[in-house]
Amino acid sequence: MNQDLQYDAIIVGGGIIGMLSALHLHEAGRRVLLVERGATGRESSWAGGGILSPLYPWRYPDSVTELAVWGQARYPEFLQELHSGGGVDPEYRPSGLLILAEDEIEKALVWASRFDATLEATDADDAGRIAPALATRRAGVWLPRVGQARNPRLVKSARAYLDARNVPIQEHTEVLGFLTEAGHCVGVQTQRGDLRATQVLVAGGAWSGALLADLGSPIPIEPVRGQMILFRGDANFLSPMVLADDRYAIPRRDGRIVMGSTLEHAGFDKSTTHEARDDLYEVATRMLPGLAKFEVEHQWSGLRPGKTDNIPLISEHPKLPGLFVNAGHFRNGVVLALASTRLISDLMLGREPILNPAPYAI
Ligand SMILES: Cc1cc2nc3c(=O)[nH]c(=O)nc-3n(C[C@H](O)[C@H](O)[C@H](O)COP(=O)(O)OP(=O)(O)OC[C@H]3O[C@@H](n4cnc5c(N)ncnc54)[C@H](O)[C@@H]3O)c2cc1C
């Protein structure tokens, strides 16, 4: 390590990807600084559903499944460790995921046997037994081992864990560009001055593409807005997560039910709309008519770091050694976070990587 540089690594972006990357690097003994434009955990990682599985997992490239499967095996224990290490409960819940998709059962079974996933084909009666509140009981698949975390609690929990370990975090500091010396990245320029480090990691979510645009390799990450609504349900209403026709219901521990989500190309506009609220309400009460008796407490949106092939970039930048990127997790940033942040840390530390990094290279 170059002792002249104040930090071994600067991480740009305090979402789930930036915070867990900071955690792995800190635990490997690196002096890490996390730099965040606003406050940590207030963007996509706050807004998401926290389902610890891709939706329709068999539809994804193997490189996405491999990250998901690595993380799924470790998430329950890891979230327990976050809780005990920082004192904030991320509300892990092994609620299972019921997917109503009669036309895709065969595909799902083939995928499950390839990846050794626990998945059962279900008929309409099974669906009714697993989720009695469902109105439309259709065939599909049941993934009993898929869990969830509650996003706002998850990001608080990650932050508390970092704070408990005294990992420095500089909020309200926007990174504007990169410092280079002899063709290497040696830090970042911010509106509050320059910060120097041996390595820099960009974990800027939907904003990563814009930040890296001037470096010469295309970073095809675009914001894709997702809106959600929250019902003030009660704990007996629904136990599993349910997905049908690309809409899902996620029951939280306290009985609240998240219904999501929209997929909208609206640039960096995070507004919520009446149309989305009405659409989500209509779908929710058609799927689960009993929801109509509960109040809609909240509506929000977040900007996913969209990438059309769904494969995140987990890579050193080919044009600027010393600069690394971990971004573009699109709809799966929470389920992929554990493996993706471990893999980028392996690359930054020169450690044996947990997975072949080639599919995620820029
Ligand atoms: C409605 C919705 C539902 C979702 N549901 C799920 C789900 O069920 N399961 C799942 O796995 N995933 C889900 N996702 C996706 C998941 O939330 C994202 O993929 C993930 O949160 C991305 O994390 P991130 O850390 O890359 O981005 P973010 O959480 O957006 O964090 C990026 C951070 O970088 C900061 N930043 C950006 N530019 C700069 C800069 N120049 N200087 C300093 N800081 C900067 C931002 O302020 C932000 O805090 C969902 C997303 C949405 C919106």
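This one's a predicted model, so the numbers in the text were calculated from it and none came from an experiment.

Overview of the site of the ligand
Turning to step 1, where the next piece is worked out: Around the ligand, a shell composed of 37 residues is seen, among which E36, S45, F330, V334 and V335 lie nearest.
Turning to step 2, where the next piece is worked out: Between E36 and the ligand, the recorded distance is 2.6 Å, taken from a side-chain N or O atom to an oxygen atom.
Turning to step 3, where the next piece is worked out: Where the shell around the ligand is concerned, the elements lending two or more residues are α1 (16-27), α2 (44-47), β10 (222-231), β14 (296-306) and α9 (333-349).
Turning to step 4, where the next piece is worked out: Classifying every residue of the shell around the ligand gives 15 nonpolar, 16 polar and six charged.
Turning to step 5, where the next piece is worked out: Domain assignment of the residues forming the shell around the ligand places at least three in each of domain 1 (1-93 + 147-221 + 309-362) and domain 3 (222-306).

Considerations on the domain arrangement of the protein chain
Turning to step 1, where the next piece is worked out: In terms of domains, the protein chain is made up of domain 1 (1-93 + 147-221 + 309-362), domain 2 (97-144) and domain 3 (222-306).
Turning to step 2, where the next piece is worked out: One C-alpha centre belongs to domain 1, the other to domain 3, and the line joining them spans 26 Å.
Turning to step 3, where the next piece is worked out: Contact with domain 1, which involves 28 residues of that partner, is made by 29 residues of domain 3.
Turning to step 4, where the next piece is worked out: Among the residues of domain 1 in contact with domain 3, R93, F330 and R331 are the three that bury the most area, contributing 24% of the side total.
Turning to step 5, where the next piece is worked out: Seen at the junction of domain 1 and domain 3, the total is four salt bridges.
Turning to step 6, where the next piece is worked out: For the salt bridge of K270 with E43, the shortest nitrogen-to-oxygen distance reads 3.0 Å.
Turning to step 7, where the next piece is worked out: Joining domain 1 to domain 3, the criterion identifies 16 residue pairs in polar contact (both at pLDDT 80 or more).
Turning to step 8, where the next piece is worked out: Top contributing element to the side of domain 1 that touches domain 3 by residue count: α2, with three residues.

Quick word on the environment of R342
Turning to step 1, where the next piece is worked out: Examined against the element boundaries, R342 turns out to sit in helix α9.
Turning to step 2, where the next piece is worked out: Expressed as a C-alpha distance, the spacing of R342 and A22, which sit 320 residues apart in the sequence, is 10.0 Å.
Turning to step 3, where the next piece is worked out: R342 has contacts with H24, W70, R351 and I354, leaving out every residue within four places of it along the chain.

Overview of the side chain of R93
Turning to step 1, where the next piece is worked out: Along the polypeptide, R93 turns up in the loop between α3 (62-86) and β3 (97-100).
Turning to step 2, where the next piece is worked out: Buried R93, no salt bridge; nearest opposite-charge side chain is D254, N-O distance 7.6 Å.

Structural notes on the pairing of strand β9 (residues 193-202)
Turning to step 1, where the next piece is worked out: Sheet topology note: the strand β1 (residues 7-12)/β9 ladder contains five bridges and is parallel. Across the sheet, V12 pairs through a bridge with V202, a residue of β9.
Turning to step 2, where the next piece is worked out: The pairing of strand β8 (residues 184-190) with β9 spans four bridges and is antiparallel. Paired with G187 across the bridge in β9 is R196.

Section: α3
Turning to step 1, where the next piece is worked out: Here α3 contains 25 residues, and its C-alpha end-to-end distance of 34 Å stays within 8% of the 36 Å for a straight helix at 1.5 Å per residue.
Turning to step 2, where the next piece is worked out: Along α3, the largest kink reaches about 55 degrees and is centred on Y75; proline P76 follows within four residues of it.
Turning to step 3, where the next piece is worked out: Contact partners of the buried residues in α3: α1, α4 (105-115), α6 (151-164), β15 (313-316) and α9.
Turning to step 4, where the next piece is worked out: With its phi angle positive at about 90 degrees, G87 sits one or two positions after the end of α3.

Reading the values: rules and limits
- Residues numbered from 1 in each chain as written.
- Predicted model: local features only at pLDDT ≥ 70, side-chain atom pairs only at ≥ 80, totals over all residues.
- Heavy atoms only, no water.
- Near = heavy atom within 4 Å.
- Polar contact = N/O pair within 3.5 Å; in protein donor to acceptor, adjacent residues only side chain to side chain.
- Helix = DSSP H or I, 4+ residues; strand = E, 2+ residues; numbered from the N terminus.
- Nonpolar A, V, L, I, M, F, W, Y, C, P; charged D, E, K, R; others polar.
- Domains from an automatic or database assignment.
- Contact = heavy atoms within 4.5 Å.
- Buried area = accessible area lost by both parts, 1.4 Å probe.
- Salt bridge = Lys/Arg side-chain N within 4 Å of Asp/Glu carboxyl O.
- Buried < 20%, exposed > 50% of the residue type's maximum accessible area, 1.4 Å probe, protein only.
- Lys, Arg positive; Asp, Glu negative; His and termini not counted.
- Pairing = 2+ DSSP bridges.
- Expected span 1.5 Å × (residues − 1).
- Bend = angle between axes of the 7 residues up to and from the residue.

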